[in-house]
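Chain by chain, the residues:
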Amino acid sequence: MLDLHRLRLLREVHDRGTVHGAARALGYTPSAISQQLSVLEREAGTPLLERIGRNVRLTTAGQVLVRHASTLLEGVEAAEAELATIAAGRVAGLVRVASFQSAFLRIVAPAIRALAATHPDIRVEASELEVEQAAPALRLQQLDVMIGDEYDGQPRAVHADLHRESLLREQIRVVLPEDHPEAAAERVSIARLADVPWASCHPGTGHREMQVRVCRELGGFEPDLRYSSDDFLILLELVRTTGAGALLPDLVLAHGTAGVAVRLPAEGEVGRGVFLLTRRTQNPTVAAVADALRTAASQATPDS
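None of these values were measured; they are calculated from a predicted model.

**Some remarks on the side chain of Ser 99**
Part 1 of the reasoning: Within the secondary structure layout, Ser 99 lies in strand S3 (residues 93-99).
Part 2 of the reasoning: In this structure Ser 99 comes out as buried when scored by relative accessible area, which is 0%.
Part 3 of the reasoning: With residues near it in sequence (within four places) discarded, Ser 99 still touches Phe 104, Val 108, Ser 127, Glu 128, Leu 129 and Ile 147.

**Topic: the environment of Val 262**
Part 1 of the reasoning: Topologically, Val 262 is positioned in strand S11 (residues 260-265).
Part 2 of the reasoning: Separated by 146 residues in the primary sequence, Val 262 and Ala 116 have C-alpha atoms spaced 35 Å apart.
Part 3 of the reasoning: In contact with Val 262, other than residues within four places in its own chain, are Arg 173, Val 174, Val 175, Leu 253 and Thr 257.

**Points about the pattern of salt bridges**
Part 1 of the reasoning: Counted by the stated rule, this structure contains 20 salt bridges.
Part 2 of the reasoning: The salt bridge involving Glu 43 is made with Arg 6; its shortest N-O contact spans 2.7 Å. With Glu 43 in helix H3 (residues 30-44) and Arg 6 in helix H1 (residues 4-16), this residue pair connects regions lying 37 residues apart in the sequence.
Part 3 of the reasoning: You can call Glu 43 partly exposed: its relative accessible area is 31%.
Part 4 of the reasoning: For Arg 216, the salt bridge identified is with Glu 222, shortest N-O distance 2.8 Å.
Part 5 of the reasoning: Salt bridges here are not isolated pairs; linked through shared partners, they connect Glu 132, Asp 149, Arg 156, Glu 170 and Arg 272.

**Let's talk about H3**
Part 1 of the reasoning: Helix length check: H3 (15 residues) gives 21 Å between terminal C-alpha atoms against 21 Å at 1.5 Å per residue, within 8%.
Part 2 of the reasoning: Listed as buried for H3 are Ile 33, Leu 37 and Leu 40. The arc that holds every buried residue of H3, seen down its axis, measures 55 degrees, which confines them to one face. Exposed and oriented more than 90 degrees from the buried face of H3 are Gln 35 and Arg 42.
Part 3 of the reasoning: Of the residues trailing H3, Gly 45 is marked for its positive phi of about 75 degrees.

What counts, and at which threshold
Residues numbered from 1 in each chain as written. Predicted model: local features only at pLDDT ≥ 70, side-chain atom pairs only at ≥ 80, totals over all residues. Heavy atoms only, no water. Helix = DSSP H or I, 4+ residues; strand = E, 2+ residues; numbered from the N terminus. Buried < 20%, exposed > 50% of the residue type's maximum accessible area, 1.4 Å probe, protein only. Contact = heavy atoms within 4.5 Å. Salt bridge = Lys/Arg side-chain N within 4 Å of Asp/Glu carboxyl O. Expected span 1.5 Å × (residues − 1). Arc of directions from axis to C-beta.

Written as structure tokens, this is what we have:
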């Protein structure tokens, strides 16, 4: 009899590429995972992994097990949710949600509040994660639902095993100190902001890539990226207090813009899409949470 827990470890090693990577993701020691996989190989009666340099690769038998493991683990997850629903007499169970910061504040938190009234037997565990961390966790069944973002011209990877749907589209707006000379215009020319110090997220993030791209393509200059934070509310405060400029989406600006001027760029529209990702097989508990997130998203932007 194959052990489901060990199958999950095998799948994690396959996705991470190393035993150490799987150990860090799951909170195990590498030796503990190696021991469990050795037991799984004895249960399977055939080698499941082969070493390639410092990494490992699944054998043909290992690939077969990983393919079936996903189906089996989804079945167990669905069964647990259905049993919880039967026991409670209504939709019940645990749903794990992840989102980037601004959607967490404007979509996830209101959805959790609404679910407490409509589905009190659903336990929602929510965490702030960027798409780069959340999507792999969703595929590995460490999460059930995630909200991601995608800036214009910077498409996210498409996963055939995940269902993606659009929640909303935001405008990206130029945010300047309210006394900046360019703030008097109805639309701000990016090209006239070459001397502005900029506040953005850290290198490697979609927001920073967007800000650099917009300054280069619409403004014709390399931005002076002087302040960095992955907290959008900190970026907004940096504009307010230091004289920096920033390009920020609607969900962030919905928290209040006292002391700053918010304008659309004169050279053209810049936007961001916000989307929902789930596995293709959803149980009623996950579906209820997804519905609550959709409702919250429809009310989230300042124009709503």
